[in-house]
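# Structural description and commentary
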Amino acid sequence: MANRLWKEKYKLGKRKQKVLLQARFLVSSMLLLLIMSDLIGSFSLFYLSFIAPTLCLAVALLALHRFITRPSHKVFLLDFTCYKPPVAQAVTKEEAVDILHRCYKNANEETVGFVRKNIHKSGLGDSTYFPESLLKDPSDQSMEGARRESELAIFGAVDKLLVKTKVNCKDIGILVVNCCLFNVTPSLSSMIVNKYKLRDSITSYSLSGMGCSTGLVAIGLAKQLLQVHQNSYALVVSTEIITPYVYMGNESSMCLVNCVFRVGGAAILLSNRPSDSQSSKYQLIHTVHSHTTSSDCSYNCVMHKEDEEGQGGIAITKDLLTVAANAIKFNITSLAPLVLPVSEQVYYLLNCFIRRLHMANIKPYVPDFKRAFDHFLPQAGGKMVLDELKKNLGLGEDDMEASRMTLYRFGNTAGSSVWYALAYKEAKEKVKKGDRVWQMAFGSGFMCSSVIWHAMRTINHEEMNPWSDEIDGFPVDLKNIESFIYFNSKVA
């Protein structure tokens with residue numbers, strides 16, 4: 001009996017102990033909830049007063065950083081400069097004939113007469129520039145003379161560009177140099193890196209062998225590089241070195257280059273930084289490159305070779321105009337859908353449809369490119385080339401003025417000639433905000449390149465322009481200059 005009572009008391013004690021533990025747990029839980037609520041209230045107050053604003057500021061700064069450093073597909077042209085040689089290197093047409101005659105070691109009278117006739121009918125004036133090496137007697141066609149010519153032209157243009165843009169050399173991340181003939185070791189791009197102490201990580205290229213179109217090909221390459229290198233500057237340099245490549249034989253087709261090519265060079269600074277959009281001159285819109293190299297006629301049209309006597313030079317066949325016209329046609333076919341108004345494209349397609357089905361005997365419709373562009377700047381390759389372009393594209397003499405004056409004043413400066421033409425437009429203060437500029441160049445291969453720019457602002461008079469001190473004397477009347485009949489002009 002006593003044992004049973006003890007067991008019941010023990011069980012009752014156990015129950016009280018459990019109840020007491022449960023009560024203590026409930027009290028502890030309530031106290032913990034009260035403490036947590038106070039902590040949460042304090043944390044909420046701390047969050048609202050300090051952490052939340054800090055997080056918002058951090059998110060805003062991060063978004064601003066991403067906006068500033070985001071990859072930009074827009075490419076801007078900050079500025080460009082053209083090299084203007086000293087007056088001591090200027091030659092008249094007759095002086096050019098005499099200098100070239102001196103270089104022709106075994107020239108006959110027929111060759112001299114051919115050169116004289118071509119120079120006087122090429123569209124060049126009496127103040128184009130020869131390199132120093134050719135002005136010497138005897139002429140200096142050595143490697144040292146060629147390097148001297150390249151340094152004067154390239155450094156002369158780049159020095160002015162750096163002054164105009166005030167860009168630090170160390171900020172330039174891309175360098176593209178183009179020179180068709182003069183391919184030296186170390187390269188011309190290495191020469192620039194060494195001269196201006198550009199950074200070790202710079203992406204640099206030297207282009208050659210593509211004729212006068214190389215200058216715009218270089219712009220296309222720089223554009224592609226700026227698509228993958230964020231917040232970068234790209235320096236593009238275009239020139240041609242003629243010192244070691246003056247032909248000294250009697251082959252007429254190889255004398256043509258001597259008659260029209262002259263000293264020149266241009267430096268262009270491109271950027272993909274959004275912050276440069278306000279200070280830039282132009283925005284790059286399109287680059288279109290095409291070639292007809294698969295054709296043997298096109299491939300052999302302009303070629304560096306030796307004549308029968310072993311004299312080296314650039315041979316140009318009589319099919320040049322035909323080949324150039326076909327290359328331009330292919331280039332324009334690719335360019336037209338990108339730039340022409342819809343109405344012009346419809347007219348062109350209807351014309352092609354009617355002619356293809358022989359529904360009517362009508363002429364091919366030539367789109368009115370003047371509706372797509374405000375300024376057309378073809379390469380100043382020669383008077384006959386410009387005449388053919390004017391005729392085939394249905395352009396007026398005003399449209400050809402800049403290129404004709406470039407040819408007259410500076411001669412054919414190869415890849416840089418389109419920049420002398422643009423400088424002419426700027427010196428005449430004809431480039432207004434919103435204008436569209438079409439640069440076109442062609443070269444061996446046969447290649448044709450087009451680059452389209454959009455003017456970001458109105459361009460006023462500038463001091464560092466090769467035309468600035470003489471622009472009031474242009475344009476000059478060239479109507480009395482006859483064309484030199486050498487090339488075939490039938491378009492295939």
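Below, the structure is looked at part by part. Note that the coordinates shown come from a computational prediction; the quantities given were computed from them, not determined experimentally. (Residues numbered from 1 in each chain as written. Predicted model: local features only at pLDDT ≥ 70, side-chain atom pairs only at ≥ 80, totals over all residues. Heavy atoms only, no water.)

The secondary structure content of the chain amounts to 14 helices and 13 strands. Burial statistics for the chain: of 492 residues in total, 48% are counted as buried. Considering only intrachain contacts with a sequence separation of at least 6, the fraction spanning at least 24 residues in the chain is 80%. As displayed, the chain has an accessible area near 24800 Å², and 58% of this comes from carbon and sulfur atoms. (Helix = DSSP H or I, 4+ residues; strand = E, 2+ residues; numbered from the N terminus. Buried < 20%, exposed > 50% of the residue type's maximum accessible area, 1.4 Å probe, protein only. Contact = heavy atoms within 4.5 Å. Areas by Shrake-Rupley, 256 points an atom, 1.4 Å probe, with all protein chains shown as cover.)

Turning our eyes to something else, we now look at the side chain of Gln 379. Summarising the element assignment, Gln 379 is placed in the loop between β11 (375-378) and α12 (383-393). A relative accessible area of 3% places Gln 379 in the buried class. Polar side-chain contacts of Gln 379 include one of 3.1 Å to the backbone nitrogen of Phe 442. When near neighbours in sequence (up to four residues on either side) are disregarded, Gln 379 contacts Cys 212, Leu 386, Asn 412, Ala 414, Ser 417, Val 418, Met 440, Ala 441 and Phe 442. (Polar contact = N/O pair within 3.5 Å; in protein donor to acceptor, adjacent residues only side chain to side chain.)

Below, the discussion takes up the packing of aromatic side chains. Aromatic ring pairs are described here by two measures, namely the spacing of the ring centres and the angle between the planes. Under the defined criterion, the tally for this structure stands at 13 aromatic pairs. Site record: aromatic cluster; members linked through ring pairs are Tyr 129, Tyr 408, Phe 410, Tyr 420, Tyr 424, Trp 467 and Phe 474. Over the ring of Phe 155 we find Lys 195; its NZ or CZ atom is 5.2 Å from the centre of that ring. Sitting over the ring of Phe 330, Lys 329 keeps its end group 6.0 Å from the ring centre. (Phe/Tyr/Trp six-rings, centres within 6.5 Å; stacked < 30°, edge-to-face > 60°. Lys NZ or Arg CZ within 6 Å of the ring centre and 35° of its normal.)

It is worth spelling out the pattern of salt bridges at this point. Applying the stated criterion to the full structure yields 20 salt bridges. Here Glu 470 ties to Lys 84 by a salt bridge, and the two come within 2.5 Å at their closest N and O atoms. Of this pair, Glu 470 sits in the segment after β13 (447-455) while Lys 84 sits in the loop between β1 (75-82) and β2 (90-91), and the two are 386 residues apart along the sequence. Note that Arg 436 and Asp 374 form a salt bridge whose closest N and O atoms lie 3.4 Å from each other. Here Arg 436 is found in strand β12 (residues 436-443), whereas its partner Asp 374 is found in the loop between α11 (342-356) and β11, with 62 residues between them in sequence. (Salt bridge = Lys/Arg side-chain N within 4 Å of Asp/Glu carboxyl O.)

So, about unusual backbone geometry. Note that the residue after Asp 137, namely Pro 138, is joined by a cis bond; omega there is 5 degrees. Positionally, Pro 138 belongs in the loop between α4 (132-135) and α5 (143-165). Going from Phe 474 to Pro 475, the amide bond is cis rather than trans, its omega being 5 degrees. Position of Pro 475 among the secondary structure elements: in the segment after β13. In this model, Ala 414 sits at a positive phi of 60 degrees, which is unusual for a non-glycine residue. Inspection of the secondary structure puts Ala 414 in the loop between α13 (397-410) and α14 (417-427). Look at Ala 414 and you get buried, because its relative accessible area is 2%.

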